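Chain residues, written in single-letter form:
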Amino acid sequence: MFSLGSWLPALPSLAWGWAVLDVLLQGESPRGWHGGGLGTSWGMPVTRCCLFPAGLVGACAVSVLCSLLKVYLYIQCLNDPERQAEKEAIRAQRRALEPLHVVVLTGVLALVGSRVAALVVLEFSLRAISTVLSLGKGAHSSQLYLLCQYSLGCGVSCGLSFLLEGAPHGTCNLALAAGLAGLLAAYAWRLARHVCTLYELHSRARYCGVCILLLTSSHGIPRLLQNALAVTFAMADLAAVALINRDFLSTAEAVRFWTPLTICYTLLVIYMQEEPRQSTSGRPVYQTVLVRMGGLFILLFTVGRWTDILHVLLSLLGELWCLLRAGVMLEACQRQ
């Protein structure tokens with residue numbers, strides 16, 4: 001492939017700038033930029049630059065999930081005369097906060113390291129499998145979809161970072177993915193706004209194609225989300241295991257890390273088995289987040305790095321931010 005510098009004037013003073021642009025376009029670190037460890041190499045700014053598009057894709061995936069779930073819950077509340085207060089609460093959510101939510105979540109996902117993001121993905125996957133098995137065949141939990149918001153963002157950004165690591169024009173691929181994800185998130189947000197504003201009128205008049213489609217098939221939204229999340233987390237789990245194992249130099253070192261991790265995650269899953277049977281207040285959900293991140297903090301404090309500790313704290317902020325943003329829908333799911 002031709003270098004970008006071959007298309008531009010050969011000025012010696014701008015040679016370093018051409019190299020930087022080549023790095024950003026190809027997703028590679030030029031010769032001599034590699035360092036000894038995470039956060040200590042000259043290639044770190046380039047890595048962070050590539051993580052921002054991946055974080056944006058993850059944040060847009062969370063936005064699409066929330067928008068579709070908002071549509072489903074609004075229609076369910078509209079069809080139930082006893083849940084009109086919940087319907088009005090969902091409609092009254094501030095629309096201006098949606099772009100802020102995406103921006104904040106993008107920043108958190110871009111700053112959290114791939115090691116901690118991979119651990120968050122694996123922990124939620126085990127918790128989701130345990131919850132689905134406890135619900136029984138054919139059942140679903142809308143609350144689980146809201147609890148997976150931050151884990152979904154970590155899974156998407158982690159998977160993209162792993163798949164495009166070192167790929168030619170990796171940054172361009174991430175930029176294209178971020179643009180398409182942003183477009184999809186914008187359309188999902190417009191759909192949620194349209195439903196909350198005009199669905200009640202259009203479903204009666206029967207002249208809006210979108211509302212007629214939702215009138216007949218809105219009950220299939222949970223199944224659609226379940227299948228999409230299953231595929232996403234299956235690929236994210238494979239990327240997470242690969243990202244964690246690449247830091248180990250020997251099998252013994254990997255065993256010393258995976259053994260306490262497996263024990264910690266098993267205890268967390270057993271603890272959270274009682275979560276669906278908790279009271280309808282939102283307090284147990286936030287307590288569960290603190291317990292999960294506290295266990296991960298203690299684990300990485302003993303077998304991790306100091307950067308992992310900071311990333312766990314950022315993950316705690318990301319989890320709480322997602323739950324606070326979806327507080328109204330979370331209450332509607334708990335009362336369902």
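An account of the accompanying structure is given in this report. Treat the numbers as computed from the prediction; the structure is a model and nothing was measured.

For the structure shown, the criterion picks out one aromatic pair. Centre to centre, the rings of phenylalanine 124 and phenylalanine 233 are 5.0 Å apart; their planes meet at 40°, and the pair counts as tilted. Placement of the pair is phenylalanine 124 in helix α5 (residues 114-135) and phenylalanine 233 in helix α10 (residues 221-245), with a sequence separation of 109 residues. Across the pair, exposure class does not vary: phenylalanine 124 and phenylalanine 233 are buried alike.

It is worth spelling out a nonpolar patch on the surface at this point. Taken together, Phe162, Leu163, Val231 and Met235 make up a surface patch of nonpolar side chains, about 390 Å² in accessible area. As for its position among the elements, valine 231 is in helix α10.

Attention shifts here to the environment of glutamate 88. Mapped onto the secondary structure, glutamate 88 falls in helix α3 (residues 84-91). Sequence separation of glutamate 88 and cysteine 196 is 108 residues, and the distance between their C-alpha atoms is 9.1 Å.

Right, let's talk about the packing of α3 against helix α14 (residues 327-335) for a bit. Each pair of packed helices can be summarised by the angle the axes make with each other and by the distance between the axes. At their nearest, the axes of α3 and α14 sit 9 Å apart, and the two run at 160° to each other. Classed by the angle they form, the pair α3 and α14 counts as roughly antiparallel. Relative to α14, α3 is oriented so that their crossing is left-handed. Residue-level contacts link Glu86, Ala89 and Ile90 of α3 to Val328, Ala332 and Arg335 of α14. A per-class count over the contact of α3 with α14 returns four nonpolar, no polar and two charged.

There is about 580 Å³ of room inside the second largest pocket. Counting residues per element, the ones that place at least two in the lining of the second largest pocket are α2 (44-78), α7 (149-163), α8 (170-205) and α10. Element by element, the count of residues in the lining of the second largest pocket is highest for α10, at nine residues. Looking at side-chain class alone, the lining of the second largest pocket contains 22 nonpolar, three polar and no charged residues.

The rules behind the values
- Residues numbered from 1 in each chain as written.
- Predicted model: local features only at pLDDT ≥ 70, side-chain atom pairs only at ≥ 80, totals over all residues.
- Heavy atoms only, no water.
- Phe/Tyr/Trp six-rings, centres within 6.5 Å; stacked < 30°, edge-to-face > 60°.
- Helix = DSSP H or I, 4+ residues; strand = E, 2+ residues; numbered from the N terminus.
- Buried < 20%, exposed > 50% of the residue type's maximum accessible area, 1.4 Å probe, protein only.
- Patch = residues over 30% accessible without salt bridge, like charges linked within 9 Å, V, L, I, M, F, W, Y side chains within 5 Å.
- Areas by Shrake-Rupley, 256 points an atom, 1.4 Å probe, with all protein chains shown as cover.
- Salt bridge = Lys/Arg side-chain N within 4 Å of Asp/Glu carboxyl O.
- Axes fitted to C-alpha atoms, helices over the stretch in contact; angles between N-to-C directions.
- Parallel < 35°, antiparallel > 145°, perpendicular 65-115°, else oblique.
- Left-handed = near helix turned anticlockwise from the far one by under 90°.
- Contact = heavy atoms within 4.5 Å.
- Nonpolar A, V, L, I, M, F, W, Y, C, P; charged D, E, K, R; others polar.
- 1 Å grid on protein atoms, 1.4 Å probe; cavity = no way out; pocket = protein on both sides within 12 Å on 5 of 7 lines; lining within 4 Å.
- Points joined across faces, edges and corners; volume = space filled by probe spheres on them.

Function cannot be inferred from these measures alone, as they are strictly geometric.
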